[in-house]
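Tertiary structure, described
Take a look at the letters that make up each chain.
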Amino acid sequence: MELIDFILHVDQHLLEFINNYGVWIYAILFLIIFVETGFVVMPFLPGDSLLFAAGALAASTGVMDPWVLGILLFIAAVLGDTVNYHIGHYIGPKVFETNSRFINKQHLLKTQQFFERHGGKTIIFARFVPFARTFAPFVAGAGSMNYKYFLTYNVIGAFCWITSFITLGYLFGNMPIVKDNFTHLIFGIIIISILPGVIGFVRQKLSQRKTP
């Protein structure tokens, strides 16, 4: 329940962190982004909404410099995916054959199927999809994707993801209509983020029903 409250009221919690820790908010945000993208067992941490809220608070509080914020979180996202890739590469394909309470096997298999359709671009696309951005680098490592190609997609995806949400938050997060409905907006961002996964799940169920 505390995690759900943090996700839905991420702006309020970040403001508390800023008031309590000042510039250490950079380290807190760096750690959250790094852990969410770097460890396949932590896909539930906030991502899109966190970046949007951080951009908005950078504009309203003046404590965070948006350029410093963007650079640090870009580094965190790249390092997180890199660590996740190497963990997947170390564990290898056997992870798809075992059941673990710490790793959702269905998410792994769906990400693997997405890789088969879209190739290395999956690393970029997955940045904007909760859960997928955590599983994609892991699957890339387990599938022995060429690291040079992975790193290229990793950097491009991290840059697009970080800059887009922080910029949107910085430019629009303090508009009166946005500030007055921030919780609803965060909830909307979460819904839009998970919508592709929901649509894919529904399509899969419908295709299974049609199959004799």
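Only a predicted model underlies this, so the values are computations on that prediction, with no experimental measurement involved. (Residues numbered from 1 in each chain as written. Predicted model: local features only at pLDDT ≥ 70, side-chain atom pairs only at ≥ 80, totals over all residues. Heavy atoms only, no water.)

**Regarding the overall build of the protein chain**
Helix and strand content of the protein chain: 11 helices and 0 strands. In sequence order, the secondary structure elements of the protein chain are arranged as α-α-α-α-α-α-α-α-α-α-α. Buried positions account for 41% of the 212 residues belonging to the protein chain. In the protein chain, the proportion of contacts linking residues at least 24 apart, taken out of those at least 6 apart, comes to 79%. Taken as a whole, the protein chain presents about 11,700 Å² of accessible surface, with 68% of it coming from carbon and sulfur. (Helix = DSSP H or I, 4+ residues; strand = E, 2+ residues; numbered from the N terminus. Buried < 20%, exposed > 50% of the residue type's maximum accessible area, 1.4 Å probe, protein only. Contact = heavy atoms within 4.5 Å. Areas by Shrake-Rupley, 256 points an atom, 1.4 Å probe, with all protein chains shown as cover.)

**Let's talk about the side chain of Arg127**
Structurally, Arg127 is set in the loop between α7 (122-126) and α8 (132-142). One polar contact links Arg127 to Asp81, side chain to side chain, over a distance of 3.1 Å. Leaving out residues up to four positions away in the same chain, Arg127 has contacts with Thr37, Asp48, Ala77, Val78, Asp81, Arg133, Asn154, Gly157, Ala158 and Trp161. (Polar contact = N/O pair within 3.5 Å; in protein donor to acceptor, adjacent residues only side chain to side chain.)

**Some remarks on the pattern of salt bridges**
Under the definition given, this model contains 3 salt bridges. Its salt-bridge partner being Arg133, residue Asp48 comes within 3.2 Å of it at the nearest N-O pair. Of the two residues, Asp48 sits in helix α4 (residues 48-61) while Arg133 sits in helix α8, which places them 85 residues apart along the sequence. Arg127 is the partner of Asp81 in a salt bridge, and the nearest nitrogen-oxygen pair spans 3.1 Å. Highlighted residues: Asp81 in helix α5 (residues 66-91) and Arg127 in the loop between α7 and α8, separated in sequence by 46 residues. (Salt bridge = Lys/Arg side-chain N within 4 Å of Asp/Glu carboxyl O.)

**Some points on the UniProt feature "transmembrane region" (unreviewed entry) in the protein chain**
UniProt's feature table lists "transmembrane region" (unreviewed entry) at residues 21-45, 51-79, 150-172 and 184-202, given in the numbering used throughout. Taken end to end, residues 21-45 is 60% helix and 0% strand, and its first and last C-alpha atoms sit 20 Å apart. (UniProt positions renumbered as here; feature names shortened; annotations may be inferred.)

**Things to note about a nonpolar patch on the surface**
On the surface, Leu168, Tyr170, Leu171, Phe172, Met175 and Ile177 cluster together to form a nonpolar patch covering roughly 580 Å² of accessible area. Considering every element that reaches the nonpolar patch, the biggest residue donor is helix α9 (residues 147-172), with 4 residues. Secondary-structure assignment places Met175 in the loop between α9 and α10 (176-180). (Patch = residues over 30% accessible without salt bridge, like charges linked within 9 Å, V, L, I, M, F, W, Y side chains within 5 Å.)

**What to know about the packing of α4 against α9**
Their axes nearest at 6 Å, the elements α4 and α9 cross at an angle of 45°. By the angle between their axes, α4 is oblique relative to α9. Every pair of crossing elements has a handedness; the one defined by α4 and α9 is right-handed. Taking contact as the criterion, the partners of Asp48, Leu51, Phe52, Gly55, Ala56, Ala58 and Ala59 in α4 are, on α9, Trp161, Ile162, Phe165, Ile166, Leu168, Gly169 and Tyr170. Taken together, the residues that form the contact of α4 with α9 break down as 11 nonpolar, 2 polar and 1 charged. (Axes fitted to C-alpha atoms, helices over the stretch in contact; angles between N-to-C directions. Parallel < 35°, antiparallel > 145°, perpendicular 65-115°, else oblique. Left-handed = near helix turned anticlockwise from the far one by under 90°. Nonpolar A, V, L, I, M, F, W, Y, C, P; charged D, E, K, R; others polar.)

**Quick notes on α4**
Taking 1.5 Å of rise per residue, 14 residues should cover 20 Å, and α4 covers 20 Å from first to last C-alpha, within 8% of that figure. Counted residue by residue, α4 has 11 buried out of 14 residues, so it is predominantly covered. Within α4, the full set of buried residues consists of Asp48, Ser49, Leu50, Leu51, Phe52, Ala53, Ala54, Gly55, Ala56, Leu57 and Ala58. Trailing α4 by a residue or two, Gly62 shows a phi angle of about 75°, which is positive. (Expected span 1.5 Å × (residues − 1).)

**Concerning the side chain of Asp81**
When its relative accessible area of 1% is taken as the criterion, Asp81 is described as buried. Once residues lying within four places of it in the same chain are set aside, the contact partners of Asp81 are Thr37, Ile123, Arg127, Arg133, Pro137, Phe150 and Asn154.

**Section: the nonpolar core**
Formed by 31 residues in total, the largest nonpolar core has its most connected members in Leu14, Leu29, Ile33, Leu51, Met64, Leu69 and Leu73. Of all elements in the fold, only α2 (10-21), α3 (25-38), α4, α5 and α9 reach the threshold of two or more residues within this core. Discounting residues that sit within four places of it in the chain, Ile33 has contacts with Leu50, Leu51, Leu73, Ala76, Ala77 and Trp161. Counting 9 residues, the second-largest nonpolar core is a separate cluster that includes Tyr85, Ala126, Ala136 and Met145. (Core = buried A, V, L, I, M, F, W, Y, C linked by side-chain atoms within 4.5 Å.)

**A short note on the environment of Met145**
Tracing the backbone shows Met145 in the loop between α8 and α9. Met145 sits in the buried class, given a relative accessible area of 17%. Sequence-wise, Met145 and Tyr85 are 60 residues apart; in three dimensions their C-alpha atoms are separated by 9.0 Å.

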